[in-house]
Amino acid sequence: MRVAYYSPLPPSRSGIADYSALLLPALAKRVDVVVAHRGRFRRDPKADVYLYHVGNDPAEHGWIVEALRRRPGLVVLHEFVLHHLVSGITLARGDVDGYLAALERDAGLVGRLLGHAVVDDRIKPLWETRPQDFPLAREVLDLAAGLIVHSRYAEEHARATGYTGPVWRIPMPAWPVPAVEPAPVEGDPLIGCFGHVNESKRVPQLLAAFERLHRRIPAARLLLVGSVSPRLGELDPPAGVLREEYVPEERLWALLAACDVSVSLRFPTMGETSAAAVRALSLGKPLVVSDVGWFSELPDDVAIKVPVGVGETEALEAALERAAASPAMGEAALRLAETEHRLDRVADLYAAAFAAAVAPSRAA
């Protein structure tokens, strides 16, 4: 079977580029994979399947959506909410009508009128204030001959939007752990939070919870790793917080290995799956997560799920302390990575999805 494969790839800093770099060698053992050159669409008369990885970054996925328009195929939907992607490939490029049409597909006349208000600068951009209310995924779903998703959350939202095609739910693969020594970072416990620091990561709530914990346990440290979104503004971390900006792969693994617990908070969720959380599972680290989306689907023995809203800070404080003192959670996390998220299992599921997608056309 021959697969035309469209995705960001390294040296891009996209998480989906890292995902494809991990997955491609395993897929290549099962199917004939032809990787598309960035920014180019080439019709391949020998391809049985066209596979498009779609995420929310217009710089990384705009060209992939354009290729999908020219030749529909299977879509790996990494996030259900695509408002940033759609606004970036329409409004940001001067295509006002395209943005208004996308909003109208999602929310009828009300959506279109809200779009006009954004264009006229009468209200704040919807991608900053209410992206989850206007996912703008309909065009991608209309073009998808089949969907590959990582969670029940994404599948259920696609169905609720009206998607009737085949859907395959395939876990995000776990990264093989490299031979790396834990970084010499002090902290007892050492709590890690990894990834781009933006307004949906609940950082103010995490800092407030850690400050309470640090007052009771002065040896505790919070390691906050990742570049900060300009929209979040300046961070004012309390005592005991250690900061690092974007770090290379080897340093990331060393810092993760040094931690006692990994925190991955989200609200609102865009329907994404956290690569940082899956990496933590690979190292056998307990997780503390928000009780939303894919995070809610994690087994209770590997993750403590914190409800968003009233009482969140207090619940976070207790969860951090409990997870850091639970070796059994770490053991369960490692088992999950080695079974559900095993790379060869994920590649087998992809190959089975390709075969299922091709079978009807071959029969015809």
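For the structure, check the block above.
Remember, it's a predicted structure, so these values are computed and weren't measured experimentally. (Residues numbered from 1 in each chain as written. Predicted model: local features only at pLDDT ≥ 70, side-chain atom pairs only at ≥ 80, totals over all residues. Heavy atoms only, no water.)

A.B. asks: Go over the environment of Glu331 with me, naming the residues and quoting the values.
C.D. replies: Examined against the element boundaries, Glu331 turns out to sit in helix 13 (residues 327-339). Of the residues examined, Glu331 reaches a relative accessible area of 49% and is grouped as partly exposed. For the pair Glu331 and Glu317, spaced 14 residues apart in sequence, the C-alpha separation works out to 22 Å. (Helix = DSSP H or I, 4+ residues; strand = E, 2+ residues; numbered from the N terminus. Buried < 20%, exposed > 50% of the residue type's maximum accessible area, 1.4 Å probe, protein only.)

A.B. asks: Go over the packing of aromatic side chains, please, and point to the residues and values.
C.D. replies: Following the criterion strictly, the structure yields eight aromatic pairs and no others. Each member of the aromatic cluster is reached from another via a ring pair, and the members are Tyr6, Phe41, Tyr50, Tyr52 and Trp63. Taking the ring centre of Tyr246 as reference, the NZ or CZ of Arg13 above it sits at 3.9 Å. When the ring centre of Trp175 is taken as reference, the NZ or CZ atom of Arg279 above it lies at 4.4 Å. (Phe/Tyr/Trp six-rings, centres within 6.5 Å; stacked < 30°, edge-to-face > 60°. Lys NZ or Arg CZ within 6 Å of the ring centre and 35° of its normal.)

A.B. asks: Describe in detail the nonpolar core, supporting the description with residues and values.
C.D. replies: Of all hydrophobic cores here, the largest spans 56 residues; its most connected members are Leu51, Tyr350 and Phe354. Residue contributions to this core peak at seven residues, all from helix 14 (residues 343-363). If we ignore the near neighbours within four places in the chain, the residues touching Leu51 are Val3, Ala4, Tyr5, Tyr6, Leu74, Val76, Ile148, Tyr350 and Phe354. Counting 43 residues, the second-largest nonpolar core is a separate cluster that includes Leu82, Trp127, Ala137 and Ala154. (Core = buried A, V, L, I, M, F, W, Y, C linked by side-chain atoms within 4.5 Å. Contact = heavy atoms within 4.5 Å.)

A.B. asks: Tell me about the sheet that holds strand 1 (residues 2-6), residues and numbers included.
C.D. replies: Taken in spatial order, the six strands line up as 2-1-3-4-5-6 in an open sheet, and their pairing is parallel. Two strands lie at the open edges of the sheet, namely strand 2 (32-35) and strand 6 (167-169), each paired on one side alone. Averaged over all neighbouring strand pairs, the angle between strand axes comes to 25 degrees, with direction disregarded. Here strand 1 pairs with strand 3 (residues 49-54) via four bridges, running parallel. When the sheet's bridge partners are listed, Ala4 is paired in strand 3 with Tyr50. Contacts from helix 2 (residues 58-70) reach strand 1, strand 3 and strand 4 (73-77), with the element oriented near 145 degrees to strand 3. (Pairing = 2+ DSSP bridges. Axes fitted to C-alpha atoms, helices over the stretch in contact; angles between N-to-C directions.)

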